[in-house]
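Listed here are the chains, written in short residue letters.
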Amino acid sequence: MTQGHRDKLEAVCAEFSELLSEAVTEESVRALAAKYLSKKGPLSEVMKSMKDLSGDERKSVGQAFNKAKGQIDTEVAAKLQSFAEEKRKAYLNRWIDVTVPGRQQATGALHLLTQVQKECVDIFRGLGFGMATGPQIETDFHSFEALAIPKNHPARDMQDTFYLGDEMVLRPHTSPVQIRTMQSQEPPIAIIAPGVVYRRDDDPTHSPMFMQIEGLWVDKVVRFSDLKGVLWHFVNTFFGKSLEIRFRPSYFPFVEPGAEVDMQCSFCDGAGCGVCKGTGWVEIGGAGMVDPAVFANVNVDSEAWTGFAFGMGIERMAMLKYGVNDIKYYYEGDLRFLRQFS
Ligand code: FA5
């Protein structure tokens, strides 16, 4: 009886060894071992009839079972070890081409609009303007009321604003930074305030989210001609060539007089082309002398102080300088576009 069990165990081990020698992957070795050693596997099957054996016989067959199991474990470990050894040898014998160039590290770059914003800021800083910032989620007071645009004033339609309830808005322009600065600083003040603004606008030259750069200079004697001189210097420095600017009378409730600022088209130098629609001029922003009503709202004595303010679109400046013909390109994140400016 016990010899029969031993023979069967040996036959199972022989069968296992045979199959193991054919296994060529680690996975197949593990699967084979799991099958032969499992509770329903061939080894355990042999043991099922052990219950019919006497105590001594059972002990002897139990030892044979443990031996067979140990043999399978040893063979599996040896086979896995041989695989590991093969891998190690293959690794040591691998061929290394020391002349292959190293992997390139991709470097990031500033977005075109960030670069243009910096260029603009640097020019004004060179004239002595300091940086100022304000929140993009802004109060109605700073965005409109303090800028002499009361509720129901028709000028509110000039900027199609995103309202966040009655008292808060996504700022539709950077002009609220004028108010915040005059509230927190005594004149003289000379600041430049770039930032993101929002309007319900969407076409090839208008985006719902865009960037403006605001300027404010408040001092004892600030003249309209100073405003024009500063903007002329800016345009000529930014475009790196001689371009005229002109003021067209315009209405912004917070400046008086107010003007729309045009520059000679940088594409055709004023001769007329598709970009300037044949006029030779392109609009770049709004400007004017700070209205005394605005000074009154921030407790600045308009008898003692005068000032000018301006606001320009940064996308517009970048479009004109780099020939970008659709505002969407800035915001689509297409690397083919962005890499041209990195
Ligand atoms: C203003 O926003 C005024 N706050 C500017 C100002 C400041 C006037 C200080 C007087 C004193 P305007 O709405 O024209 O003005 O916008 C200024 C510039 O922002 C425009 O000339 C244009 O270049 C840019 N702009 C306006 N709307 C958009 C838009 N949806 N997408 C991209 N650029 C825009």
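Residues numbered from 1 in each chain as written. Predicted model: local features only at pLDDT ≥ 70, side-chain atom pairs only at ≥ 80, totals over all residues. Heavy atoms only, no water.

Looking at the packing of helix H8 (residues 224–239) against helix H10 (residues 314–322)
Contact geometry for H8 and H10: axes closest at 11 Å, N-to-C directions at 45 degrees. Classified by the angle their axes make, H8 and H10 are oblique. Where H8 crosses over H10, the handedness of that crossing is right-handed. The residues of H10 that touch H8, namely those facing Phe234, Phe238 and Phe239, are Met317, Leu320 and Lys321. (Axes fitted to C-alpha atoms, helices over the stretch in contact; angles between N-to-C directions. Helix = DSSP H or I, 4+ residues; strand = E, 2+ residues; numbered from the N terminus. Parallel < 35°, antiparallel > 145°, perpendicular 65-115°, else oblique. Left-handed = near helix turned anticlockwise from the far one by under 90°. Contact = heavy atoms within 4.5 Å.)

Concerning the nonpolar core
In terms of nonpolar packing, the biggest core is built from 48 residues, with Phe124, Leu231, Phe234, Met263, Phe310 and Tyr330 touching the most fellow members. Listed in part, the 26 residues of the second largest apolar core include Ile179, Leu216, Phe254 and Trp305. (Core = buried A, V, L, I, M, F, W, Y, C linked by side-chain atoms within 4.5 Å. Buried < 20%, exposed > 50% of the residue type's maximum accessible area, 1.4 Å probe, protein only.)

What to know about the sheet that holds strand S2 (residues 137–139)
Read from one edge of the open sheet, three strands run S2-S4-S3, paired in antiparallel fashion. Looking at which strands have only one partner, the edges of the open sheet turn out to be S2 and strand S3 (162–164). Each strand axis lies, on average, 40 degrees off the axis of its neighbour in the sheet, ignoring direction. In this structure, S3 lies alongside strand S4 (residues 168–170), joined through three bridges in antiparallel fashion. Counterpart to Phe162 in the pairing with S4 is Leu170. (Pairing = 2+ DSSP bridges.)

Brief notes about the sheet that holds strand S5 (residues 189–198)
One open sheet holds the seven strands; their spatial order is S1-S5-S6-S10-S9-S8-S7, and the pairing between them is mixed. This sheet does not close on itself; its edge strands, each paired only once, are strand S1 (130–131) and strand S7 (245–250). As paired strands, strand S6 (residues 209–219) and strand S10 (residues 306–313) are joined by eight bridges and run antiparallel to one another. Of the residues in S10, the one forming a bridge with Leu216 is Ala309.

Notes on the environment of Leu170
As for its placement among the helices and strands, Leu170 is situated in strand S4. For the pair Leu170 and Glu283, spaced 113 residues apart in sequence, the C-alpha to C-alpha distance is 24 Å. Excluding anything up to four places from it in sequence, Leu170 contacts Gln136, Ile137, Thr161, Phe162, Leu164 and Tyr198.

Examining the domain arrangement of the chain
With domains assigned, the chain is organised as domain 1 (2–92) and domain 2 (112–341). For domain 1 versus domain 2, the distance between C-alpha centres works out to 82 Å. (Domains from an automatic or database assignment.)

Side note on the site of the ligand
Close to the ligand lie 25 residues, the nearest being Ser175, Arg199, Asp201, Ser207 and Glu283. At 2.9 Å from a nitrogen atom of the ligand is found a side-chain nitrogen or oxygen belonging to Ser175. Between the ligand and Gln212 there is a distance of 3.0 Å, counted from an oxygen atom to a side-chain nitrogen or oxygen. Relative to its unbound accessible area of 680 Å², the ligand is 94% covered by the protein chains. Applying the majority rule of atoms within 2 Å of the grid points places the ligand in the largest pocket. Those elements that provide at least two residues to the shell around the ligand are S6, strand S9 (281–290) and S10. With five residues, S9 is the single largest residue contributor to the shell around the ligand. In the shell around the ligand, the residues fall into nine nonpolar, eleven polar and five charged. (Near = heavy atom within 4 Å. Polar contact = N/O pair within 3.5 Å; in protein donor to acceptor, adjacent residues only side chain to side chain. Areas by Shrake-Rupley, 256 points an atom, 1.4 Å probe, with all protein chains shown as cover. 1 Å grid on protein atoms, 1.4 Å probe; cavity = no way out; pocket = protein on both sides within 12 Å on 5 of 7 lines; lining within 4 Å. Sits in = over half its atoms within 2 Å of the grid points. Nonpolar A, V, L, I, M, F, W, Y, C, P; charged D, E, K, R; others polar.)

As for the layout of surface pockets
As a volume, the largest pocket reaches approximately 640 Å³. At the level of secondary structure, the elements contributing two or more residues to the lining of the largest pocket comprise S6, strand S8 (255–264), S9, S10 and H10. The greatest single-element share of the lining of the largest pocket, amounting to six residues, is contributed by S9. Its residues assigned to classes, the lining of the largest pocket shows twelve nonpolar, 14 polar and seven charged. Taken as a whole, the second largest pocket holds about 440 Å³ of empty space. Contributing to the lining of the second largest pocket are 19 residues, with Thr205, Val275, Lys277, Val282 and Arg316 lying nearest its centre. At the level of secondary structure, the elements contributing two or more residues to the lining of the second largest pocket comprise S9 and H10. (Points joined across faces, edges and corners; volume = space filled by probe spheres on them.)

Brief notes about the packing of helix H1 (residues 2–22) against helix H2 (residues 26–37)
Axis separation between H1 and H2 bottoms out at 10 Å; the angle between their running directions is 165 degrees. One finds that H1 runs roughly antiparallel with respect to H2. The handedness of the crossing between H1 and H2 comes out as right-handed. On H2, the residues touching Val12, Glu15, Phe16, Leu19 and Leu20 of H1 are Val29, Leu32, Ala33 and Tyr36.

So, the side chain of Ser175
One can find Ser175 in the loop between S4 and helix H7 (176–184). On the basis of relative accessible area, Ser175 is assigned to the buried category, the value being 4%. Residues contacting Ser175, with those up to four places away along its chain left out, are Leu147, Glu214 and Phe254.

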